[in-house]
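Residue-level structure breakdown
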Amino acid sequence: MTTQTQQTTGPAAQQQGSHHFVLTLQKPHGGGSVSATFTNTITPRPGTTRADIYKALLEQVTRANPELADANVLFFSLEPNGL
């Protein structure tokens, strides 16, 4: 499962998608569990922290996928999107 998540710095943004993220959530379901991984790029606004992005992504993903509300975060990665 993939979500389209992107935050820009406004009209003056020169680097779209400056960071790549991966977020994996898991929640008990029936006798087992359900998990989902979301990945995309994001361009943080100046002064945004890693914790700010984590919180915003988690809120956006669970708002778009309410069945994952209160899910456990199994994995989170946020890295510069350059080679």
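What counts, and where the lines are drawn
- Residues numbered from 1 in each chain as written.
- Predicted model: local features only at pLDDT ≥ 70, side-chain atom pairs only at ≥ 80, totals over all residues.
- Heavy atoms only, no water.
- Helix = DSSP H or I, 4+ residues; strand = E, 2+ residues; numbered from the N terminus.
- Buried < 20%, exposed > 50% of the residue type's maximum accessible area, 1.4 Å probe, protein only.
- Contact = heavy atoms within 4.5 Å.
- Areas by Shrake-Rupley, 256 points an atom, 1.4 Å probe, with all protein chains shown as cover.
- Phe/Tyr/Trp six-rings, centres within 6.5 Å; stacked < 30°, edge-to-face > 60°.
- Core = buried A, V, L, I, M, F, W, Y, C linked by side-chain atoms within 4.5 Å.
- Expected span 1.5 Å × (residues − 1).
- Arc of directions from axis to C-beta.
- Pairing = 2+ DSSP bridges.
- Axes fitted to C-alpha atoms, helices over the stretch in contact; angles between N-to-C directions.

What follows is about the overall build of the protein. Each helix and strand in the protein was counted, giving one helix and three strands. In the protein, which comprises 83 residues, the share counted as buried stands at 31%. Within the protein, contacts between residues at least 6 apart in sequence are counted, and of these 68% link residues at least 24 apart. Of the roughly 5400 Å² of accessible surface on the protein, 51% is carried by carbon and sulfur atoms.

Remark: the centre distance and the inter-plane angle together describe each pair of aromatic rings, the angle taken between the planes. In the structure shown here, the tally under the stated rule is one aromatic pair. Geometrically, the ring pair formed by Tyr54 and Phe76 is edge-to-face, given 5.1 Å between the ring centres and 75 degrees between the ring planes. With a gap of 22 residues between them, Tyr54 in helix α1 (residues 50-64) and Phe76 in strand β3 (residues 72-80) connect regions that are remote in the sequence. Its relative accessible area of 30% is what places Tyr54 among the partly exposed residues.

For the rest of this paragraph, the subject is the nonpolar core. One finds Leu23, Leu25, Phe38, Ile42, Leu57, Leu68 and Leu78 to be the most contacted residues of the largest nonpolar core, which totals 13 residues. Of all the secondary-structure elements, those providing two or more residues to this core are β1 (19-29), β2 (32-42), α1 and β3. When neighbours within four sequence positions are excluded, Leu68 is seen to be in contact with Leu25, Lys27, Ala36, Phe38 and Thr62.

Let us now look at α1. The terminal C-alpha atoms of α1, which comprises 15 residues, lie 21 Å apart, in line with the 21 Å expected from a rise of 1.5 Å per residue. Taken together, the buried positions of α1 are Ile53, Leu57 and Val61. Angularly, the buried residues of α1 cover 55 degrees about the axis, an arc narrow enough to put them on a single face. Projecting away from the buried face of α1 at angles above 90 degrees are the exposed residues Ala51, Lys55 and Arg63. As for α1, its buried residues are in contact with β1, β2 and β3.

One open sheet holds the three strands; their spatial order is β2-β1-β3, and the pairing between them is antiparallel. Strand pairing shows two members of the sheet lacking a second neighbour, β2 and β3, which therefore form its edges. Ignoring which end each strand starts from, the neighbouring axes of this sheet average 10 degrees apart. Taken together, the 11 bridges between β1 and β2 define a ladder with antiparallel strand orientation. In the strand pairing of β2, His29 is matched with Gly32. α1 contacts β1, β2 and β3 of the sheet and is inclined by roughly 125 degrees relative to β3.

A few words on unusual backbone geometry. Within the chain, Asp70 stands out as a residue other than glycine whose phi angle is a positive 65 degrees. Looking at the element boundaries, Asp70 is found in the loop between α1 and β3.

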